[in-house]
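This is what each chain is made of:
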Amino acid sequence: MKSFYEIIDQFDVGRLVKDYGAGSIGHLIYPKNKKYTIDVEGKPITINFKLGTTLPKVGFSGFKVTFVDYKNAIGHIIFSDTVKEKVLAEGKPLNALMTSNKIIVDPDVPRMDEGSALKRRALLVCISYLINNEDCLKGIYQLAPKKKNGSLHKNRVSRIVSSAMIKISDDYIFGDHSSIEIIAKADGDDSLSILADARAFDEEKLYDLDEDYISSNWANLGLGDYVR
């Protein structure tokens, strides 16, 4: 079976949006926030589903930036020394970003067209509806990092699904290279929040996409019915 991220652009997103009552690809309706208490082996676990407020805030609004498919991003990584050379050659001033060891995506990387990026955003919204139930949330909880005694590691994050694209600026100086993702974050020993976030670009995180919740479970969750 192919990886979810190998076929991410083969889903019939329009049909998914219609079936989940999520508005339209260009005008999405987000799920409502909800608080769950699930039972895991006799232990009550609180799960705060916050995608209704966090998904609209992760950097898609207005498309003031452009997006790059993660495979292209991996192929166009540059490091601070290269950035400094390019900026100096262009006669621009250096700043703190360029003197750090931060990984940066070359602004010359090929971009995704707006329609493809909108479909990836809509797919994330549809998945937010898909996981908004106790069975999926139990599975997400099982994948969350835990201590030896079985309790959650506060502030530890596990990815549920990625848009598999990087938000990118056109300028090294104002570079904002982040990956749009739905994540689970531990609030305490027995509390977990489901959020959307624009997380810092990290080559290693992009290589391990196939280990997240949706990539491991997408076919069993019925998404296979929507592959073109």
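Everything here concerns the structure above.
Quick notes on the rules
- Each chain carries its own residue numbering, running from 1 in the written order of its sequence.
- Only residues with pLDDT of at least 70 are given local features in this predicted model, and only at 80 or more are side-chain atom pairs given and counted; all residues enter the totals for whole chains, interfaces and linings.
- As a convention, hydrogens and water are excluded, and side-chain values are obtained from all of the structure's heavy atoms.
- Starting at the N terminus, helices and strands are each numbered in turn, a helix being any DSSP run of H or I of at least four residues and a strand any DSSP run of E of at least two.
- Exposure is judged per residue with a 1.4 Å probe applied to protein chains only, and the accessible area is read against the type maximum: over 50% gives exposed, under 20% gives buried, and values in between give partly exposed.
- Any N or O atom pair separated by 3.5 Å or less is treated as a polar contact, with the protein-specific requirement of one donor-capable and one acceptor-capable atom, and with residues adjacent in sequence counted only for side-chain atom pairs.
- Whether two residues touch is decided by their heavy atoms; if any such pair falls within 4.5 Å, the residues are in contact.
- The salt bridge definition used is simple: a Lys or Arg side-chain nitrogen within 4 Å of an Asp or Glu carboxyl oxygen.

(A) The arrangement of the side chain of D12 in detail. Position of D12 relative to the elements: it lies in the segment before α1 (13-19). A relative accessible area of 18% means that D12 is categorised as buried. From its side chain, D12 meets the backbone nitrogen of R15 in a polar contact 3.2 Å long. Here D12 is in contact with Y226 and R228, once residues within four sequence places are set aside.

(B) Spatial organisation of the pattern of salt bridges. In the structure shown here, the tally under the stated rule is nine salt bridges. A salt bridge links D69 to R120; its shortest N-O distance comes to 2.6 Å. Here D69, found in strand β3 (residues 66-69), pairs with R120, found in helix α6 (residues 114-130); they are 51 residues apart in sequence, far enough to count as distant. What makes D69 buried here is its relative accessible area of 9%. The class of R120 is buried, set by a relative accessible area of 3%. A salt bridge links D212 to R159; the nearest nitrogen and oxygen atoms lie 3.1 Å apart. Taken together, the positions of D212 in the loop between α8 (203-207) and α9 (213-217) and R159 in strand β6 (residues 157-168) put the pair 53 residues apart, joining distant regions of the chain. When sorted by exposure, D212 lands in the same class as R159, which is buried.

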